[in-house]
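Residue-level listing of the chains:
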Amino acid sequence: AAEQMRDRFSIPALNESGVLAASVWLGPPEGFDSIEGPDRDLAPETAADLEQQAGERVFKLLCFNCHSIDGYLGVQPLVAGQSLGAVHKLLGTLARPVDAEGNTVPWNTVGLQLKTRLGRRMPPFVGTEAERHALAVYLARLGGDPTAGIESGTKDALGETLFEDNCAFCHGPDEDLPMVDLVEGTSAEELYGKIGRLPELSDEMDPFEGSDDERRALAEFLAALGGEEVAP
């Protein structure tokens, strides 16, 4: 009975079933499932194109009330040059429910507060993981990467990839706080330690969630970016 009475448009419900599946006027494109994503039998390029279509529909449902493409509060300049991983991570940090101490809590918690990215007036991303990835594909392509969503089978050096996916959105060369200025003359060991305590350095930064090897690879990349020699 309680399940039947649950609001199917609540955030927990939409995170479980999807905003496209719940939409009356703008459902998922054929071949895309809000929970599973693109049909697994599709070729990679076709699947990525389908994700782009689904992502555009998610954008219209969740973002278009405030953001145009390239006009008022245009989203295209915000995602220009950003990797798929960076956009995907950003969508997960727009806003989250916290208690009075700042700890993440469920959306149905009494007295919850909303912690937003950089204190801006942003609502949380609402929808399934498949829809979040689809929106990230759409935005990354809008930002200039026509291959976003296609697994190429190759990757850049690990540290550079981690930087692009986790740091570049705020600390890219054209951002207000370019990383090269922040890490100049800092050793890989110092950076390794800082990566392990990012929320202590700034309450706007989330904890690094990678493995120890990934943390070290990122530290070595940042040290080299700042002009420090890194032992091979």
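Residues numbered from 1 in each chain as written. Predicted model: local features only at pLDDT ≥ 70, side-chain atom pairs only at ≥ 80, totals over all residues. Heavy atoms only, no water.

Draft legend 1. Summary view of helix 8 (residues 158-166). Restricting attention to buried positions, one finds in helix 8 the residues G159, T161, L162 and F163. Each element contacted by the buried residues of helix 8 is listed here: helix 9 (168-171), helix 10 (179-182) and helix 13 (212-225). (Buried < 20%, exposed > 50% of the residue type's maximum accessible area, 1.4 Å probe, protein only. Helix = DSSP H or I, 4+ residues; strand = E, 2+ residues; numbered from the N terminus. Contact = heavy atoms within 4.5 Å.)

Draft legend 2. Broad picture of the packing of aromatic side chains. If you walk through the whole model with that rule in mind, you get 3 aromatic pairs. When the ring of F59 is compared with that of Y138, the centres are 5.7 Å apart and the planes differ by 50 degrees; the resulting orientation is tilted. Here the residue F59 occupies a position in helix 4 (residues 44-62), and Y138 occupies one in helix 7 (residues 129-142), the gap between them amounting to 79 residues. Taking the relative accessible area as the measure of exposure, F59 reaches 1% and is therefore buried. Members of the aromatic cluster, joined through ring pairs, are F59, F64 and Y138. In this structure, R215 is placed above the aromatic ring of Y192, and the distance from its NZ or CZ to the ring centre is 3.8 Å. A cation over a ring is seen here: R216 above Y192, with NZ or CZ 4.1 Å from the ring centre. (Phe/Tyr/Trp six-rings, centres within 6.5 Å; stacked < 30°, edge-to-face > 60°. Lys NZ or Arg CZ within 6 Å of the ring centre and 35° of its normal.)

Draft legend 3. Representation of the pattern of salt bridges. This model, assessed by the stated rule, comprises 4 salt bridges. One salt bridge connects R141 with D49, and the closest N-O pair in it is separated by 2.8 Å. Remark: D49 occurs in helix 4 and R141 occurs in helix 7; sequence separation between them is 92 residues. On the basis of relative accessible area, R141 is assigned to the buried category, the value being 13%. (Salt bridge = Lys/Arg side-chain N within 4 Å of Asp/Glu carboxyl O.)

Draft legend 4. Representation of the side chain of R132 within the structure. Structurally, R132 is set in helix 7. Take R132: its relative accessible area is 18%, and that puts it in the buried class. Not counting chain neighbours up to four residues away, the residues in contact with R132 comprise H88, K89, L91, G92 and F125.

Draft legend 5. Spotlight on the side chain of T116. Of note, T116 is situated in strand 4 (residues 113-116). Under the relative-accessibility criterion, T116 is labelled buried at 15%. Not counting the four nearest positions on each side in its chain, T116 is found in contact with L94, A95, M122 and E204.

Draft legend 6. Here's a closer look at the layout of surface pockets. Put simply, the second largest pocket is a space of about 250 Å³. Lining the second largest pocket are 16 residues, and of these N15, G92, A95, W107 and F125 sit closest to its centre. The set of elements that each furnish at least two residues to the lining of the second largest pocket consists of helix 2 (11-17), strand 3 (95-98) and helix 7. Within the lining of the second largest pocket, the residues separate by chemical class into 8 nonpolar, 5 polar and 3 charged. (1 Å grid on protein atoms, 1.4 Å probe; cavity = no way out; pocket = protein on both sides within 12 Å on 5 of 7 lines; lining within 4 Å. Points joined across faces, edges and corners; volume = space filled by probe spheres on them. Nonpolar A, V, L, I, M, F, W, Y, C, P; charged D, E, K, R; others polar.)

Draft legend 7. Expanded view of the environment of L20. Here L20 is to be found in helix 3 (residues 19-22). Each C-alpha atom, one on L20 and one on G55, is 9.7 Å from the other, the two residues being 35 residues apart in sequence. When near neighbours in sequence (up to four residues on either side) are disregarded, L20 contacts L26, G27, P28, F32, S34, A54, R57, V58, L61 and E131.

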